[in-house]
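# Observations on chain architecture
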Amino acid sequence: MATAHDKAVLQAIFNPNTPFGDMPDLYQEEDLTDDDSVFDPTLVSQVKQLELQGVSAAEAGDMKTALLCFDQAIQLLPGRPSAYNNRAQTRRLQGDTAGAILDLERAIALSGGGGRTACQALVQRGLLLRLGNQTEEARQDFTRAAALGSKFAQQQAVLLNPYAALCNRMLSEVIGKLRNPDVPEMQ
């Protein structure tokens, strides 16, 4: 369990422009939900069923059926972000990274950058950006997802933070010198 000081240090790393020790929502629970109250409950139920069918089809390797299910869900409720997020995963599995990123961007926009779907989409887009060597953009997505409660995104943001990497290297050197004081420095 992290102490309050540890949390304050992490907050300073993730959000260097906030006052030291100011930790709003950094460690909120990951039980985020999406607000479906703006949609017709009958349509939401149908769309959720289509999404479940799509996920099952994708898990079974039937990408064509999965895409069809997600497309139908999007047609029924084009303003609901979850189906875009799920379709992005299917596109990614098919090797369509550009299509996946477009769907993830749509999911993030429709969610307003908040809720479960936004958190998942930010993490997934961050991973795709990282694979594409767009490190700074990936770090930004991970930082946003971490603020929504994703512990995985939090870890990724720290890994991609150049200041954290520098601190880790310096700390490793100091610990190494403490453990082996007689070993000469390598230049």
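Rules behind the numbers
The numbering scheme is per chain: residues are counted from 1 as the chain's sequence reads. At least 70 in pLDDT is required for a residue's local features to be given in this predicted model, at least 80 for side-chain atom pairs to be given and counted, and no such filter applies to totals for whole chains, interfaces and linings, which use all residues. No hydrogens and no water enter the side-chain calculation; it runs on all heavy atoms of the structure. Per the convention used, a helix needs a DSSP run of H or I reaching at least four residues, while a strand needs a run of E reaching at least two, with both numbered from the N terminus. One less than the residue count of a helix, multiplied by 1.5 Å, gives the span that helix is expected to have. Relative accessibility under 20% of the residue-type maximum defines a buried residue, over 50% an exposed one, and the middle range a partly exposed one, all with a 1.4 Å probe and only protein chains included. The directions considered for the arc are those from the helix axis to the C-beta atoms. Contacts were defined at the residue level, with two residues in contact if any of their heavy atoms lie within 4.5 Å. Polar contact is the term for a pair of N or O atoms within 3.5 Å; when the atoms are in protein, one must be able to donate a hydrogen and the other to accept it, and sequence-neighboring residues count only if both atoms are side-chain atoms. Here an angle of 0 to 180 degrees is reported between the N-to-C directions of two axes, which are lines fitted to C-alpha atoms, with helices fitted over the stretch in contact. When the near helix sits turned anticlockwise from the far one by under a right angle, the crossing is termed left-handed; a clockwise turn instead gives a right-handed crossing. Charged residues are taken to be Asp, Glu, Lys and Arg, nonpolar residues to be Ala, Val, Leu, Ile, Met, Phe, Trp, Tyr, Cys and Pro, and polar residues to be all remaining types, Gly included. For this analysis, a ring pair means two rings from Phe, Tyr or Trp (six-membered ring only for Trp) whose centres lie within 6.5 Å, classed as stacked if their planes differ by under 30 degrees, edge-to-face if by over 60, and tilted for the remaining angles. We call a charge positioned over a ring when the NZ of a Lys or the CZ of an Arg lies within 6 Å of the ring centre and within 35 degrees of the ring normal. By definition here, a salt bridge exists when the distance from a side-chain nitrogen of Lys or Arg to a carboxyl oxygen of Asp or Glu is within 4 Å.

### With respect to helix α2 (residues 41-59)
Counted at 1.5 Å a residue, the expected span for α2 with its 19 residues is 27 Å, and the 27 Å between its end C-alpha atoms agrees. Along α2, the positions that sit buried rather than exposed are V44, V47, L50, E51, G54, A57 and A58. Down the axis of α2, the smallest arc covering the buried residues is 145°, so these residues share one side. Exposed positions of α2 whose direction lies more than 90 degrees from the buried face are P41, T42, L52 and E59. Where α2 is buried, its residues touch α3 (63-76) and α4 (82-93). Among the residues of α2, the N-terminal cap falls to D40, whose side-chain oxygen and the backbone nitrogen of T42 are separated by 2.7 Å.

### Concerning the packing of helix α7 (residues 135-147) against helix α8 (residues 151-160)
In contact at an axis separation of 8 Å, α7 and α8 are set at 145° when each is read in the N-to-C sense. In terms of crossing hand, the pair formed by α7 and α8 is left-handed. In this structure, α7 contributes T135, A138, R139, F142, T143, A145 and A146 to the contact, and α8 contributes A153, Q154, Q156, A157 and L160. Tallied by class, the residues present in the contact of α7 with α8 amount to seven nonpolar, four polar and one charged.

### Side note on the packing of aromatic side chains
All chains considered together, the criterion is met by one aromatic pair. Here the guanidinium or amino end of R106 rests over the ring plane of Y84, the centre of that ring lying 5.8 Å away.

### Some details on the pattern of salt bridges
All chains considered together, the criterion is met by nine salt bridges. A salt bridge links R80 to E51, with the shortest nitrogen-to-oxygen separation between them at 2.5 Å. Placement of the pair is R80 in the loop between α3 and α4 and E51 in helix α2, with a sequence separation of 29 residues. Its relative accessible area of 6% is what places R80 among the buried residues. Across the pair R91 and D103 runs a salt bridge whose closest N-O atoms are separated by 3.2 Å. Taken together, the residues R91 in helix α4 and D103 in helix α5 (residues 97-111) connect sequence positions twelve residues apart.

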